[in-house]
Amino acid sequence: MTKYRPLNPDAIKIEEAFFAEENAKLLEKLRQEARAKERREALGAALRVNDEHVIDALVALDLYPETIVAFGLVPLVEVAWADGEISPKERKAILEAAAGRGVEKGSTTCELLENWLQRKHGPELLQTWKHYVGAIAAQMDAETVNALKERVLGEARAVAEAAGGILGLGFAVSASEEKVLEDLEGAFPG
């Protein structure tokens, strides 16, 4: 029979420190997973969507529930960038639309929107918006989808018309803006 020999005190301290550090790492990992889950649930609730692909894409774009209102302005930003730059009148129209949705100057949402207005974003933002539209449209009746479509396209067209026609006169929409408007319309079913 082998007699149990206690470890020396230094070895015990090293072992306890090791497990304390490992436990701290595991606890932090659990906390991060819980925060990620809460964020995903909050995004889904804010958008009223359960589509995991849409939520994954929003997380990949680093969107949070606090900034999701800006996500609804993506079509307006997309139309404004159609000609390769945003005119002051287009910018003003977008910021007025944002204010109409309760976006306050200096808020995180406003900062995100300002970023989109300063630098053209990649195609993944519009693609995610299109997936979002598809996901929420699947949960709505045709009349509600049509009302949403008319509102989004009306706001986007207003931004396109804000720059004006030749020399800023009239309400001409450029060919590139018209193409973006058609693309936006195609995101809606039916």
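Residues numbered from 1 in each chain as written. Predicted model: local features only at pLDDT ≥ 70, side-chain atom pairs only at ≥ 80, totals over all residues. Heavy atoms only, no water.

Moving on: the confidence of the model for the chain. Mean pLDDT over the chain stands at 84; residues scoring 70 or higher make up 91%. Predicted confidence in the chain is weakest over helix α1 (residues 9-47), with a mean pLDDT of 79, and strongest over helix α4 (residues 74-80), with 96. (pLDDT = per-residue confidence, 0-100. Helix = DSSP H or I, 4+ residues; strand = E, 2+ residues; numbered from the N terminus.)

How two aromatic rings sit relative to each other is set out by the distance from centre to centre and by the angle between their planes. With the rule as written, the count across this model stands at two aromatic pairs. Seen from their ring centres, Phe-71 and Tyr-132 are 5.5 Å apart, and the 65° between their planes marks the pair as edge-to-face. Of this pair, Phe-71 sits in helix α3 (residues 68-71) while Tyr-132 is found in helix α7 (residues 123-137), placing the two residues 61 residues apart along the sequence. Residue Phe-71 is classed as buried on the basis of its relative accessible area, which comes to 0%. When its relative accessible area of 13% is taken as the criterion, Tyr-132 is described as buried. Their ring planes at 75° and their centres at 6.0 Å tell us that Trp-129 and Phe-188 sit as a pair that is edge-to-face. In this pair, Trp-129 is assigned in helix α7 and Phe-188 in the segment after α9 (175-186), connecting sequence segments 59 residues apart. In this structure, Trp-129 and Phe-188 share a single accessibility class: buried. (Phe/Tyr/Trp six-rings, centres within 6.5 Å; stacked < 30°, edge-to-face > 60°. Buried < 20%, exposed > 50% of the residue type's maximum accessible area, 1.4 Å probe, protein only.)

To continue, consider the packing of helix α8 (residues 142-162) against α9. Two numbers describe how α8 lies on α9: the axes approach to 10 Å, and their chain directions differ by 170°. With respect to each other, α8 and α9 are oriented roughly antiparallel. Contact with α8, carried on its side by Lys-149, Leu-153, Ala-156, Arg-157 and Ala-160, involves Glu-177, Glu-178, Leu-181, Leu-184 and Glu-185 of α9 and no other residues of that element. Here the residues of the contact of α8 with α9 sort into five nonpolar, no polar and five charged. (Axes fitted to C-alpha atoms, helices over the stretch in contact; angles between N-to-C directions. Parallel < 35°, antiparallel > 145°, perpendicular 65-115°, else oblique. Contact = heavy atoms within 4.5 Å. Nonpolar A, V, L, I, M, F, W, Y, C, P; charged D, E, K, R; others polar.)

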